[in-house]
Amino acid sequence: LLGIYEKFTTMHTGRGCPFNCIYCSSPIEKRGTYRSRSVENVIQEIDHCVNTVGATFILFTDDTFTTNRKRVESICREVIKRKIKFKFCCETRVELVDEKLVRLMQKAGLVELQFGVESGSERIRKDIIHKNFSTYHLENAYKICRKLGIHSNAFIMMGFPTETKEDLLSTKRLCLKLPIDIIGFHFTTIMPGSVLYDMYLK
């Protein structure tokens, strides 16, 4: 959304995800290994998009952009070192960011972070969909974004197995409590290749 009035492009720098959320059709155990492009390869494409094509905004479309923290830090430091000026947005998990990392990413051009929150019910997150992050990490990620002026986005899903009205109310309360800028509500879709799909077949 922030890139709507910018010269906008997308970039994929890594494939796969080392986590095992039951609704995902492409976890690491289904597709082999997490694969990422080298720092120099990514920097070359960023430089081309910005300084040759004229892009001013890049959406990184990796499933979990900060899976490899050291790699992200290296990318950001190279962007800063080479003075490549652009804004960017990416998606990751709340437990894979902290203030030090977000500050570095912001210095490199980060303006928005998108997180898969899915549910405000800890039972649903941990016992049902295997989204195993703590409430502390969840609250801290959005607190960091608000503190640093990073636009924040939350993806919410509804319709998980065993989900009750109280679970949905927990999600509502969480959304009203956290300092989130944009919330996307989505119905759970059963994707072939996911654990949820196998549950559905049984």
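That block above? That's the structure.
Student: Explanation requested: the packing of aromatic side chains in the structure shown.
Tutor: Applying the stated rule across the entire model yields eight aromatic pairs. Their ring planes at 20 degrees and their centres at 5.4 Å tell us that Phe8 and Phe57 sit as a pair that is stacked. With a gap of 49 residues between them, Phe8 in strand β1 (residues 8–11) and Phe57 in strand β4 (residues 57–60) connect regions that are remote in the sequence. Under the relative-accessibility criterion, Phe57 is labelled buried at 3%. Relative to Tyr142, the ring of Phe115 has its centre 5.2 Å away and its plane inclined at 70 degrees; by these criteria the two rings are edge-to-face. Of this pair, Phe115 sits in strand β6 (residues 110–118) while Tyr142 sits in helix α6 (residues 135–148), and the two are 27 residues apart along the sequence. In this structure Phe115 comes out as buried when scored by relative accessible area, which is 0%. Members of the aromatic cluster, each reached through a chain of ring pairs, are Phe60, Phe65, Phe86 and Phe88. The positively charged end of Arg93 is found above the aromatic ring belonging to Phe19, 3.8 Å away from the centroid.

Student: Would you mind going over helix α2 (residues 39–53) with me for this structure?
Tutor: Along an α-helix, residues three or four apart share an orientation, since each turn contains 3.6 residues. For α2, spanning 15 residues, the distance from its first C-alpha to its last is 20 Å, which sits close to the expected 21 Å at 1.5 Å a residue. Those residues of α2 lying buried are Val42, Ile43, Ile46, Cys49 and Val50. Residues of α2 that are buried in the fold lie against β1, β4 and α3 (69–81). One or two positions beyond α2, positive phi appears at Gly54, with a value near 95 degrees.

Student: In this structure, what is going on with the side chain of Lys131? I would like to understand it.
Tutor: Here Lys131 lies in the loop between α5 (122–128) and α6. Within the structure, Lys131 has its side chain in polar contact with the side chain of Glu118 (distance 3.2 Å). Beyond its immediate chain neighbours, meaning those up to four positions away, Lys131 contacts Cys21, Tyr23, Arg93, Gly116, Glu118, Arg125 and Lys126.

Student: Explanation requested: a nonpolar patch on the surface in the structure shown.
Tutor: A cluster of nonpolar residues, Ile190, Tyr200 and Leu201, forms a patch on the protein surface that exposes about 330 Å² of accessible area. Relative to the helices and strands, Ile190 is located in the loop between β8 (182–187) and α8 (195–201). The exposure class of Ile190 is partly exposed, given its relative accessible area of 37%.

Student: Honestly, the pattern of salt bridges in this entry has me stumped. Any pointers?
Tutor: For side chains of opposite charge, pairing can occur when their charged atoms come near one another. All told, the structure shown has 14 salt bridges when counted by the stated rule. Residues Arg69 and Asp98 are paired through a salt bridge, measuring 2.8 Å at the closest nitrogen-oxygen approach. In this pair, Arg69 sits in helix α3 while Asp98 sits in the loop between β5 (87–92) and α4 (99–108), placing the two residues 29 residues apart along the sequence. Its relative accessible area of 29% is what places Arg69 among the partly exposed residues.

Student: In this structure, what is going on with the side chain of Arg71? I would like to understand it.
Tutor: With respect to the secondary-structure elements, Arg71 resides in helix α3. As a buried residue without a salt bridge, Arg71 has its nearest oppositely charged side chain in Asp62, at a separation of 4.6 Å. Excluding residues that lie within four positions of it along the chain, Arg71 makes contacts with Thr13, Gly14, Tyr34, Ser36, Arg37, Val39 and Val42.

Student: Could you clarify how one ought to interpret the state of the cysteines in this entry?
Tutor: Put plainly, a disulfide is one covalent bond tying together the sulfur atoms of two cysteines. Scanning the entire structure with this criterion turns up zero disulfides. With no disulfide partner, Cys24 has as its closest neighbouring cysteine sulfur the one in Cys17, 6.3 Å distant. Here Cys49 is not cross-linked by a disulfide; its sulfur's nearest cysteine counterpart is in Cys89, at 16 Å. Under the relative-accessibility criterion, Cys49 is labelled buried at 10%.

Parameters at a glance
Residues numbered from 1 in each chain as written. Predicted model: local features only at pLDDT ≥ 70, side-chain atom pairs only at ≥ 80, totals over all residues. Heavy atoms only, no water. Phe/Tyr/Trp six-rings, centres within 6.5 Å; stacked < 30°, edge-to-face > 60°. Helix = DSSP H or I, 4+ residues; strand = E, 2+ residues; numbered from the N terminus. Buried < 20%, exposed > 50% of the residue type's maximum accessible area, 1.4 Å probe, protein only. Lys NZ or Arg CZ within 6 Å of the ring centre and 35° of its normal. Expected span 1.5 Å × (residues − 1). Contact = heavy atoms within 4.5 Å. Polar contact = N/O pair within 3.5 Å; in protein donor to acceptor, adjacent residues only side chain to side chain. Patch = residues over 30% accessible without salt bridge, like charges linked within 9 Å, V, L, I, M, F, W, Y side chains within 5 Å. Areas by Shrake-Rupley, 256 points an atom, 1.4 Å probe, with all protein chains shown as cover. Salt bridge = Lys/Arg side-chain N within 4 Å of Asp/Glu carboxyl O. Lys, Arg positive; Asp, Glu negative; His and termini not counted. Disulfide = S-S within 2.5 Å.

So yeah, pure geometry; function would need other evidence.
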